[in-house]
Amino acid sequence: MSLVETNEANTCSEVEWGARVELAALFRAIAHYGMSDLVNGAIACRVSDETDHYLVHPYGMHWEEIRASDFVKITSDGIPVESDIPWLNDGGVNLCKWILGSRPDANFFVHGHDEEIMAVGSIEDGLMPLNQPAVYLGDLTGYIEYEFEEDDEFGEHFVKTLAGHAILISHNHGYYALGETAAEAFFRAYFLRQTCSAQIKTLSMGRELHLLDPQKVARYQDAMRQSDDYNYNGKTEWPGIIRMLDRTQDDYKT
């Protein structure tokens, strides 16, 4: 296994370094598009050559400043691999255990508190079939009640509720977007905010709603999954995001 240097003291495998760079790019992309929440929320990933180890960020760092070498590797039990590590957000560590520990199909996740998503998550209707991103995210999305106390009972409930969903909207709180890749997690987070923003603007007009027919929605979702012309996992958009980061803030790779 070849190693790369992450800082003066530590080395890691090339696979882990690649995950670190992708994760740092995801942090920077979320910040670039105005989807961060100062130092709050969480983004994390699995180390693909050590599937029971995860990368988390030090609590207190703003997402636009995070670099590949900043991440802390933890075990599936949430225990840091190295000693003398910076402060970690216990909520982010818990999400690693609950999401990455229960969903082998997910290697990245984003947890955020976007205003638009909080607003839509605070009405009983939730996400409504009003626009195209609502179509391709609607059947991926579930809901969970917001709880501040993240005890073992809530963790079990979270894992059970998450099963079968790629997105969870936490009522009155925020969201969780999962992805096999950083690109997919970003795609789902970005377009979740877009559909929520469009829904808020639509409802603000106070006019009769033109909802998409549920049967058409189901048919469109099937067609989207099978389409050879479009991708719904972010792989079309992600290379351009990387090019933008390389041009404007290439320290994310350090």
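As a reminder, the structure under discussion sits directly above these lines.
Residues numbered from 1 in each chain as written. Predicted model: local features only at pLDDT ≥ 70, side-chain atom pairs only at ≥ 80, totals over all residues. Heavy atoms only, no water.

Considerations on helix α8 (residues 238-248)
All of the buried residues along α8 are Trp238, Ile241, Ile242, Met244 and Leu245. The arc that holds every buried residue of α8, seen down its axis, measures 160°, which confines them to one face. Facing away from the buried side of α8 by over 90 degrees, the exposed positions are Arg243 and Arg247. Buried residues along α8 sit against α1 (14-32) and α6 (182-204). (Buried < 20%, exposed > 50% of the residue type's maximum accessible area, 1.4 Å probe, protein only. Helix = DSSP H or I, 4+ residues; strand = E, 2+ residues; numbered from the N terminus. Arc of directions from axis to C-beta. Contact = heavy atoms within 4.5 Å.)

Digging into the pattern of salt bridges
Tallied over the entire structure, the rule returns nine salt bridges. One salt bridge connects Lys73 with Glu16, and the closest N-O pair in it is separated by 2.9 Å. Of this pair, Lys73 sits in strand β5 (residues 72-75) while Glu16 sits in helix α1; the two residues are 57 residues apart in sequence, bridging distant segments of the chain. Residue Lys73 shares its accessibility class with Glu16, and that shared class is buried. The structure contains a network of salt bridges with shared partners spanning Glu16, Arg20, Glu50 and Lys73. (Salt bridge = Lys/Arg side-chain N within 4 Å of Asp/Glu carboxyl O.)

Some points on a nonpolar patch on the surface
A contiguous nonpolar patch, built from Leu203, Leu209 and Leu211 and spanning about 220 Å² of accessible area, is present on the exposed surface. Along the chain, the position of Leu211 falls in the loop between α6 and α7 (214-226). (Patch = residues over 30% accessible without salt bridge, like charges linked within 9 Å, V, L, I, M, F, W, Y side chains within 5 Å. Areas by Shrake-Rupley, 256 points an atom, 1.4 Å probe, with all protein chains shown as cover.)

Points about helix α5 (residues 152-162)
Among the residues of α5, those classed as buried are Phe154, Gly155, Phe158, Thr161 and Leu162. Mapping the buried residues of α5 onto a view down its axis gives an arc of 130°, with all of them on the same face. Across α5 from its buried face, at more than 90 degrees, point the exposed residues Asp152, Glu153, Glu156 and Lys160. On the buried face of α5, the contacting elements are α2 (90-100), β7 (141-144), β8 (167-170) and β9 (174-179). Count one or two residues on from α5 and you reach Gly164, which has phi positive near 85°.

A word on the packing of α1 against α6
With their axes 10 Å apart at the nearest point, α1 and α6 run at an angle of 15° to one another. Considering the angle they form, α1 stands roughly parallel to α6. For the crossing formed where α1 meets α6, the hand is right-handed. Mapping the contact onto sequence places Glu22, Leu26, Ala29 and Ile30 in α1 and Ala182, Ala185, Phe186 and Ala189 in α6. Residue composition of the contact of α1 with α6, grouped by class: seven nonpolar, no polar and one charged. (Axes fitted to C-alpha atoms, helices over the stretch in contact; angles between N-to-C directions. Parallel < 35°, antiparallel > 145°, perpendicular 65-115°, else oblique. Left-handed = near helix turned anticlockwise from the far one by under 90°. Nonpolar A, V, L, I, M, F, W, Y, C, P; charged D, E, K, R; others polar.)

Section: the sheet that holds β7
Here seven strands make up an open sheet; going across it, the order is β5-β4-β3-β6-β9-β8-β7 and the pairing mixed. Single-partner strands in this sheet number two, and they are β5 and β7. The average angle at which neighbouring strand axes cross in this sheet is 20°, direction not considered. Alignment of strand β3 (residues 42-47) against strand β4 (residues 50-56), held across three bridges, turns out to be antiparallel. For Cys45, the partnering residue across the bridge sits in β4 and is Leu55. Contacts between α1 and the sheet are confined to β3, β4, β5 and β6 (108-112), with β3 contributing the most and set at about 160° to the helix. (Pairing = 2+ DSSP bridges.)

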